[in-house]
Amino acid sequence: EISVAMGQMPSKRIAEKNHTYRTLGLGYANLGTLLMRMGLPYDSEDSFGWCAAINSLLTGMAYRTSAEIAQKLGAFARFAANREPMLRVIRNHRRAAYAADPNEYEGLTVKPVTHMPTLFTQETWALARKMWDEALSIGEVTGYRNSQVSVTAPTGTIGLVMDCDTTGIEPDFALVKFKKLAGGGYFKIVNQSVDAALHKLGYSQEQIDAIETYAKGTGTLEEAPHINRATLKAKGFDDEAIARVEAVLPSAFELPFVFNKFVLGEEFCKEKLDLSDAQLNEWSFSILRDGLAFNTRQIEEASAHICGRMTVEGAPYLKDEHLAVFDCATPCGKYGTRYIRPLAHVDMMAAAQPFISGAISKTINLPQDATIGDVKEAYRYSWERMTKAVALYRDGSKLSQPLAASYDLGGELPEEEAAATTQPYATPMQIAEKIVYRYIAKRRPMPQRRSGYTQKATISGHKVYLRTGEYEGGQLGEIFIDMHKEGAAFRSLMNNFAIAISLGLQHGVPLEEFVEAFTFTRFEPNGPVIGHDHIKMATSILDYIFRELAVSYLGRYDLAHVQPSMQMDAMGPEAQEDYIAEEEAGVQVRPAGIAEKLHPVSTHLRPGQEPPQGASTTAPADSPAPRVSPAVSNGSGTAVATLARTEAINASKAKGYTGNACSECGQLTMVRNGACEKCDSCGATSGCS
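Being a predicted model, the structure only gives us computed values, none of them experimental. (Residues numbered from 1 in each chain as written. Predicted model: local features only at pLDDT ≥ 70, side-chain atom pairs only at ≥ 80, totals over all residues. Heavy atoms only, no water.)

### Structural notes on the environment of asparagine 146
So, point 1. Along the chain, asparagine 146 falls in the loop between α6 (122–142) and α7 (156–161).
So, point 2. Accessibility expressed as a relative area gives 2% for asparagine 146, which makes it buried.
So, point 3. Along the primary structure asparagine 146 and alanine 70 are separated by 76 residues, whereas in three dimensions their C-alpha atoms are 8.5 Å apart.
So, point 4. Those residues in contact with asparagine 146 that sit more than four places away from it in its chain are Glu1, Tyr21, Arg22, Leu24, Tyr63, Ser66, Phe76 and Met86. (Helix = DSSP H or I, 4+ residues; strand = E, 2+ residues; numbered from the N terminus. Buried < 20%, exposed > 50% of the residue type's maximum accessible area, 1.4 Å probe, protein only. Contact = heavy atoms within 4.5 Å.)

### Digging into the sheet that holds strand β6 (residues 454–459)
So, point 1. Judged by pairing direction, the sheet is antiparallel, and its five strands sit side by side in the order β8-β7-β6-β9-β10 without closing on themselves. The open sheet terminates on both sides in strands that have one partner only, identified here as β8 (476–483) and β10 (537–538).
So, point 2. Sheet topology places strand β7 (residues 462–470) next to β8; seven bridges connect them, and they run antiparallel. Looking across to β8, one finds that arginine 467 is bridged to phenylalanine 480. (Pairing = 2+ DSSP bridges.)

### Focus: the side chain of aspartate 327
So, point 1. Here aspartate 327 shows up in the loop between α17 (296–307) and α18 (342–352).
So, point 2. Residue aspartate 327 is classed as buried on the basis of its relative accessible area, which comes to 16%.
So, point 3. A distance of 2.9 Å separates the side chain of aspartate 327 from the side chain of arginine 338, its partner in a polar contact. (Polar contact = N/O pair within 3.5 Å; in protein donor to acceptor, adjacent residues only side chain to side chain.)

### Let's talk about the confidence of the model for the chain
So, point 1. Confidence in the prediction for the chain averages 82 pLDDT; 80% of positions are at 70 or higher.
So, point 2. Within the model, the stretch residues 566–585 combines pLDDT values under 50 with 44 contacts to residues more than four positions away or in other chains. (pLDDT = per-residue confidence, 0-100.)

### Some points on α17
So, point 1. Over its 12 residues, α17 extends 15 Å from the first C-alpha to the last, a length consistent with the 16 Å expected when each residue adds 1.5 Å.
So, point 2. If you check which residues of α17 are buried, you get Thr296, Gln298, Ile299, Ala302, Ser303, Ala304, Ile306 and Cys307.
So, point 3. The N-cap of α17, judged by a side-chain oxygen 3.2 Å from the amide nitrogen of arginine 297 a few residues on, is asparagine 295.
So, point 4. In the stretch just after α17, glycine 308 is the one whose phi turns positive, near 95 degrees. (Expected span 1.5 Å × (residues − 1).)

### Overview of the pattern of salt bridges
So, point 1. Under the defined criterion, the tally for this structure stands at 29 salt bridges.
So, point 2. Glutamate 384 is the partner of arginine 380 in a salt bridge, and the nearest nitrogen-oxygen pair spans 2.9 Å. Taken as a pair, arginine 380 and glutamate 384 lie in helix α19 (residues 372–384) at a separation of four residues, close to a single helical turn.
So, point 3. Taking the relative accessible area as the measure of exposure, glutamate 384 reaches 38% and is therefore partly exposed.
So, point 4. The closest approach of N and O atoms between aspartate 482 and arginine 467, which form a salt bridge, is 2.4 Å. (Salt bridge = Lys/Arg side-chain N within 4 Å of Asp/Glu carboxyl O.)

### Here's the deal with a nonpolar patch on the surface
So, point 1. Taken together, the side chains of Ile158, Val161 and Met162 present a nonpolar region at the surface, about 310 Å² in accessible area.
So, point 2. When you line up the elements, methionine 162 lands in the loop between α7 and β1 (176–180). (Patch = residues over 30% accessible without salt bridge, like charges linked within 9 Å, V, L, I, M, F, W, Y side chains within 5 Å. Areas by Shrake-Rupley, 256 points an atom, 1.4 Å probe, with all protein chains shown as cover.)

### Quick notes on the environment of arginine 129
So, point 1. Following the sequence through the fold, arginine 129 ends up in helix α6.
So, point 2. The class for arginine 129 is buried, based on a relative accessible area of 18%.
So, point 3. Separated by 69 residues in the primary sequence, arginine 129 and glycine 60 place their C-alpha atoms 7.8 Å from one another.
So, point 4. Each residue touching arginine 129, except ones within four places of it in the same chain, is listed here: Ala97, Tyr98 and Pro117.
So, point 5. Reaching out from arginine 129, the side chain makes a polar contact with the backbone oxygen of alanine 97 at a distance of 2.9 Å.

### A look at the side chain of threonine 468
So, point 1. Examined against the element boundaries, threonine 468 turns out to sit in strand β7.
So, point 2. A polar contact is formed between the side chain of threonine 468 and the side chain of tyrosine 553, at a distance of 3.0 Å.
So, point 3. Excluding residues within four positions of it along the chain, threonine 468 makes contact with Ser451, Gly452, Tyr453, Leu476, Glu478, Ile479, Leu549 and Tyr553.

### Things to note about unusual backbone geometry
For residues other than glycine, phi is negative in most cases, and the peptide bonds are mostly trans.
So, point 1. The omega torsion of the bond from glutamate 524 to proline 525 falls at 0 degrees, within 30 degrees of zero and hence cis.
So, point 2. Turning to its location among the elements, proline 525 is positioned in the loop between α23 (511–518) and β9 (527–530).
So, point 3. Although it is not a glycine, alanine 99 sits at a positive phi angle of roughly 50 degrees.
So, point 4. Of note, alanine 99 is situated in the loop between α5 (83–97) and α6.
So, point 5. Its identity as a non-glycine residue notwithstanding, glutamate 223 has a phi of 60 degrees, on the positive side.

### A short note on helix α4 (residues 45–73)
So, point 1. Helix length check: α4 (29 residues) gives 41 Å between terminal C-alpha atoms against 42 Å at 1.5 Å per residue, within 8%.
So, point 2. Phi turns positive one or two residues past the end of α4, at glycine 74, with a value near 95 degrees.

Structure (C-alpha cells):
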C-alpha cells in the first residue's frame, strides 16, 4: 500500500490510474526450490496442489487485509462504480479455493483448474479458505483498499540478490547454469537445493557426497583421468604452475578455461610450453588441445571428473524414481537428457492463476527441436487451462541468451565425434555466426548525401566543433573534429583521429567500444564545457567528444552532468497543439532558397524539436512557388507555426508504432509489448518487461 503513495510512475495517466485503483503486485520467488527441497517433482499433482494452496493463501490474506485497511482509510476511489464486478471476482476466487462445481462460477466462459486438499496441504487450504471467507464478508461491507493485490513477477535480478535458486513460479533452469552478464562474461550458478532434497529423500551423507561430486566435480587434479599432476609435469609444468591451476579449478566452468595465459602466465607459456604470441592471442586456440596434444575425448573425461557433469543422471546411489525431483526446464549440461515436459509449465500456471489478481510471468521452455505444431498446442492448451498470459522460448533460438545449461568450447571436432553429436540446428547457428562476422569485416560505405548535426562547445577557452554523418537509418557513420585557432600539427592530428574513428564505425565497431575507450582520458585542454546542454565538464577533448556521442546516439545520460528535463514523464514529452503561435504580419511571398534544399536536418535524434532555421522544409526545386492571395490590405495575415513533433508522432503511428517516445533514446519507435511498451531502436521498455 505504501508503494502506491510513494512509487514513481512512468506517466501522468498511469499515475492517475494507480491512485484511482491502487493496484498492488504481491508475489514470491523460489517456488521451484521449495518443491525440490520437499522431494516433489515439479511436474506432479502434489506440486500443482501446493502451488494452488500457497497462491490461494497469499491472495486471500492480501484481500482480507485490504478490506481491513478500507475500514480505516476507505476503499479505492473507483470501488463504488465497480462494486458488483469487484465482489464477483472475490466470490469466484473463493469458489476456486473451495473447488466448487464449474457451474457455480459467475460470468466465466472458461472454468478454472482447481485442486482438492491432500493430507499434506489440508492445513494450508483450511487457512486459505478462512481468509477468503473473511475477505468476502468484510469487503461486502467496507469495500477494498486495492482493486488488485497479487501478480507473479519474473524476479530475475532480485532473485539472484536474494540468493534464490529459482525465480518466481519457475523451476530451476538447470542444476548448473551460466549467467550471461550485460557487461560481458559469464558466472557459474550451482543449485544449492540438491543436498537438502537428497536428505529429504532419505540418502545418507556419504551417498549425498558421492552424488554431488558426480554433478559438481572434484575441483582438483588429484586422481583425474588423463589430465592430472603427473601428466602435466611430463608436459613441462612445474609445481608453481600446477598450484595456479588448482587455485581456480573450484570455480571453473570447463577444464580448458583454466589453461590460459592469464592463469599460467605469458612467460611460462612462451618459455616452458613454447607457445607464440599469435597462438596465445587466438581466441580459438586451446592450450590443452593444440598446445599439449590432449585429444577432445581425454579433455572431456577429465573435465567431467574435475568440473562435474552438471547433472545427476547416472550418479551413483541415486534411484531412478527420484530423478524426476531434479528435472529442470532444460537438459542439464551436455550429459543430461531429462527435462520438464513443456505443457507441465502450463499446468503449474493453471494451478496458480485462479488465485492471482493479475497475470503470471512464466516461460514455457521448448526444446531445440520443437516444431510449429508444438507452439500451437502450447497456446491452445494455455487457453484451455485459463491462463492469462504465456511466453514461449525455444532453447538456442537466439545466438545469445541470458541463461545456458552448457558452454561451447569452440574449435573443430574430429569427424567421428562430430557425427555422434545430436544437437539439433547446429549447422544453421554456425552459418548465422559466420554471416555476422563476414558483415562486420566488410566496410559499409556512407551515402553520398547524409544527415547529421554540428555541435559547438568551448572547453577551457578552446572552441571545438563536432560534426557527424549518419546512415539512412540514423546510425552514426563518421565524425569530423575542428578546433579554433589551434596549430596545424594538432589540427591535423585531430582530423586523422576522426578519420580513424569513422573507418572503425563503417567497419562495424560498436560506438560503445569507442565510448568506453576514450571517456575519462585526461590531457589538456580540459575543464569546464560551455555551450552544451548536458555536458559541463571534460577531462580532455576526447572525453568531451565521446560523452557527446554517447548522449546523442546511445542515450548514455550517465555520462552527462545535466539530465534531460524532468518536466515530461518517462513516456516522452506530451504532444503539443498543432498551432502554437499566432501573430499578425504582412504577407510576404518569396521563392524557396537554395540553401534550404541542400542541408537536410536530423530530426530523429531529438524528436519534438523544430528544425533549425534554414532547414529543408520547402517544396522541391522544380515545383512552383506557392501562390498567396495579395488581397490582404490591412496587414491581418496570420503566420502559423506547426510543431514538427505532431507530424513525427502521426508518421510513427502510420508505421505501426504507438507514437510515444522512448525514455532512453527518445525515438518514436515504441511498440506494444504486453501491458508495456518496448523500443524497436534501443530495446528499452516502459517498465515491466
